[in-house]
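What follows is each chain in one-letter form.
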Amino acid sequence: MNFKLDSVVVEEQCRTSVLARRILAGIPSSIPVRYVPDGRSAARPLPVSEPFGAGKRQMVVLHRRGPFLMGCPASSTQFACCGYLVLVLASNCPMDCSYCFLQEHLANNPALQLYANYPAAFDELDKLAQTSSGRCLRVGTGELADSLAFDSLTGISCELVDYFSRHKNLLLEFKTKTDEIDNLLKVDPRGRAIVSWSISPPAVFLASEHGTAPPSSRISAARRVSEAGYRVAFHLDPIIAYPGAEEDYLALLDCVFDALPTAHIAYFSMGGLRLTPGLRTVARRRFPGDRMLLGEEVLADDGRYRAFTPLRLRLFTRLHERIRKARRELPVYLCMESASVHRLVFGTPAPTPATLCTMLAGG
Ligand code: SF4
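Position labels on residues start from 1 in each chain and follow its written sequence. Thresholds applied to this predicted model are a pLDDT of at least 70 for local features of residues and 80 or more for the giving and counting of side-chain atom pairs; totals over whole chains, interfaces and linings are not thresholded and use all residues. The side-chain numbers reported here are obtained from all heavy atoms of the structure, hydrogens and water having been left aside.

(A) A look at the overall build of the protein. The secondary structure listing takes helices from DSSP runs of H or I that are at least 4 residues long and strands from runs of E that are at least 2 residues long, numbered from the N terminus. Regarding its fold elements, the protein presents 14 helices and 18 strands. Along the first, second and third principal axes, the C-alpha set of the protein runs to 55 × 45 × 35 Å. Out of the 363 residues in the protein, the part that is buried amounts to 56%. Residue contacts follow a heavy-atom distance rule, with two residues in contact if any of their heavy atoms lie within 4.5 Å. Taking the intrachain contacts of the protein between residues at least 6 apart in sequence as the baseline, contacts between residues at least 24 apart amount to 77%. For the area figures, the Shrake-Rupley method with a 1.4 Å probe applies, and any residue is considered shielded solely by the protein chains shown. Approximately 15200 Å² of the protein is accessible, and the part contributed by carbon and sulfur atoms is 54%. A 1.4 Å probe rolled over the protein chains alone gives each residue an accessible area, and that area as a share of the maximum for its type sets the label: buried under 20%, exposed over 50%, partly exposed in between.

Below, the structure written as C-alpha cells:
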C-alpha cells in the first residue's frame, strides 16, 4: 500500500467480512484498528483544523446501505453526456488534488469508506445486464473514489474483471491516477475492461496532484496493461488554461503516442477546469500556494467558474487536432460541456448519450 493511514475503523457487522480480513492482513501492524457499531459515524469530519485532509487518512470498512449502481453524478441535461454508470464500491481518495470536486461533495463524510458488502453489487450488475436490451453499458468505479488506489489491499479489481469478462453487454472502466496495476496483470479481461488514466502535464502534476503517480508512470502503466490485453483511455481533465498550457498538453499527448500504439487506445475525454464557488473557496483555502487555482475565470451558466470560452475552445480544438493526427477515427468526447461547445470543437451535433456510450464501448 502506498498511502499513509492514521487508523482503520471497522463496523462490527463487517468484522468477519472478506474485505475487512484482506485489509487488516495487508496494513502495517502499527496502524490502530477499532470496531464501532455504526461505521457511518466514523466517516464524519474529525474535530481537527483540517478535517478533509484527516478524513483521507482514516479508513472505514462498513456496510453500504444504498444501491451500488447509480447514474454519473456529473450528468445533466445541460451537458452533452456520455451515459456513464457509476458503481460505488468506495468513497473518497487517499490522493489530494487541489481541484478535486470531492472536497465539496464529501465535506460531510470525508473518511475513506470501503464497502464490505460489495459482493451485493454483482447482483445489481446481473439485473442491469438482464435489462439492457442488447445495449452495451459502460460501468465505472472511479467517480467517488480512485478505482485502483487501494487495490493492492482489497484485490477487488480481479473479481470485477472476471465478472465483466463473462458479460458481453457490460463494459467495465477503471479510472485512476495511480500506477497500481499489478492485480490487473493477473487476469484476462477478454476485451470487457478499459483502464483509464486522468493525465496532466508535469506542471499541473507538481502544483496540484498531491500523492498521485507522476504522468510518465501513469503512461507507462497504461502501456503495460495494454500489452496485457486491456483497452486504455485517457482523460485530459481538468485542462487548466495556465500560461504555456497549450504547448504542455500537446507535449503530453506526444508522450502518450510515443508510448502506445493508437490502436490500443479506446478514447480520449477532455474537460476544462470547472469549480463551483464553494469548491473554489475550499480549494483555495486548502491549497493557497497553488497557482493553477488562480487563473482568470468566469462564472458560467451552470454556476461553475471556468476559463473564458475562447480560451477553452482553443485548447480543446488544438488537442483534438493532435489526437486526430495520431488516428483520425479515435473517439474523443467532452466532459461537462454544453452541446454548443461540442459543436464548435467537433463541428458536429453532440451525439445522444446512448450513441456516445456505444461509440466509447467500441460498438
Ligand atoms: S486522484 Fe482523483 S479522486 Fe483522488 S484526489 Fe485526485 S481528482 Fe480527486
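Now that the structure is up, let's keep going.
(B) Up close: the packing of helix H5 (residues 119–130) against helix H7 (residues 156–165). Viewed as axis vectors pointing N to C, H5 and H7 meet at an angle of 20 degrees, and their least axial separation amounts to 12 Å. Here H7 runs roughly parallel to H5, going by the angle between their axes. The two elements H5 and H7 cross, and the hand of that crossing is right-handed. The residues of H7 that touch H5, namely those facing Phe-122, Leu-125 and Asp-126, are Glu-159, Leu-160, Tyr-163 and Phe-164. Only Asp, Glu, Lys and Arg are considered charged in this grouping, and only Ala, Val, Leu, Ile, Met, Phe, Trp, Tyr, Cys and Pro are considered nonpolar; every other residue, Gly among them, is considered polar. Considering only residue class, the contact of H5 with H7 consists of five nonpolar, no polar and two charged. Helix axes use the C-alpha atoms of the stretch in contact, all axes being lines fitted to C-alpha atoms, and the angles between their N-to-C directions lie in the range 0 to 180 degrees. Put simply, angles under 35 degrees are roughly parallel, angles over 145 are roughly antiparallel, angles from 65 to 115 are roughly perpendicular, and the rest are oblique. Put simply, a crossing is left-handed when the front helix is turned counterclockwise from the back one by less than a right angle, and right-handed when it is turned clockwise.

(C) Structural view of the nonpolar core. Buried Ala, Val, Leu, Ile, Met, Phe, Trp, Tyr and Cys residues form a nonpolar core when they are joined through side-chain atoms within 4.5 Å. Ranked by internal contacts, the top residues of the largest apolar core, which has 107 residues, are Leu-125, Trp-197, Phe-234, Leu-236, Phe-268 and Met-270. Of all the elements, helix H10 (residues 245–259) adds the most residues to this core, at seven residues. In contact with Phe-234, other than residues within four places in its own chain, are Trp-197, Ile-199, Ala-222, Val-256, Leu-260, Ile-265, Tyr-267, Phe-268 and Ser-269.

(D) Structural detail: the packing of aromatic side chains. Note on aromatic pairs: the rings of Phe, Tyr and Trp (six-membered ring only in Trp) are paired at centre separations within 6.5 Å, and the planes decide the class, stacked below 30 degrees, edge-to-face beyond 60, tilted for the rest. Counted according to the given criterion, the structure contains eight aromatic pairs. Put simply, the rings of Phe-122, Tyr-163 and Phe-164 touch in pairs and so form one group of aromatic residues. We count a charge as sitting over a ring when the NZ of a lysine or the CZ of an arginine lies within 6 Å of the ring centre and within 35 degrees of the ring normal. Taking the ring centre of Tyr-35 as reference, the NZ or CZ of Arg-15 above it sits at 3.8 Å. Note that Arg-64 overlies the ring of Phe-68, its terminal NZ or CZ placed 6.0 Å from the centroid.

(E) Structural context of the site of the ligand. Here a residue is considered near a molecule or strand provided that any single heavy atom belonging to it is located within 4 Å of it. By nearness alone, every residue bordering the ligand is listed as Lys-56, Cys-93, Met-95, Asp-96, Cys-97, Cys-100, Leu-102 and Lys-177. Residue classes in the shell around the ligand are distributed as five nonpolar, no polar and three charged.

(F) Expanded view of the side chain of Asn-117. As for its position among the elements, Asn-117 is in the loop between strand S8 (112–115) and H5. According to the relative accessible area criterion, Asn-117 is buried, its value standing at 15%. Two N or O atoms count as a polar contact when they lie within 3.5 Å, although within protein this holds only if one can serve as hydrogen donor and the other as acceptor, and sequence-adjacent residues are included solely when both atoms are side-chain atoms. Side chain to side chain, Asn-117 and His-63 meet in a polar contact 3.3 Å long.

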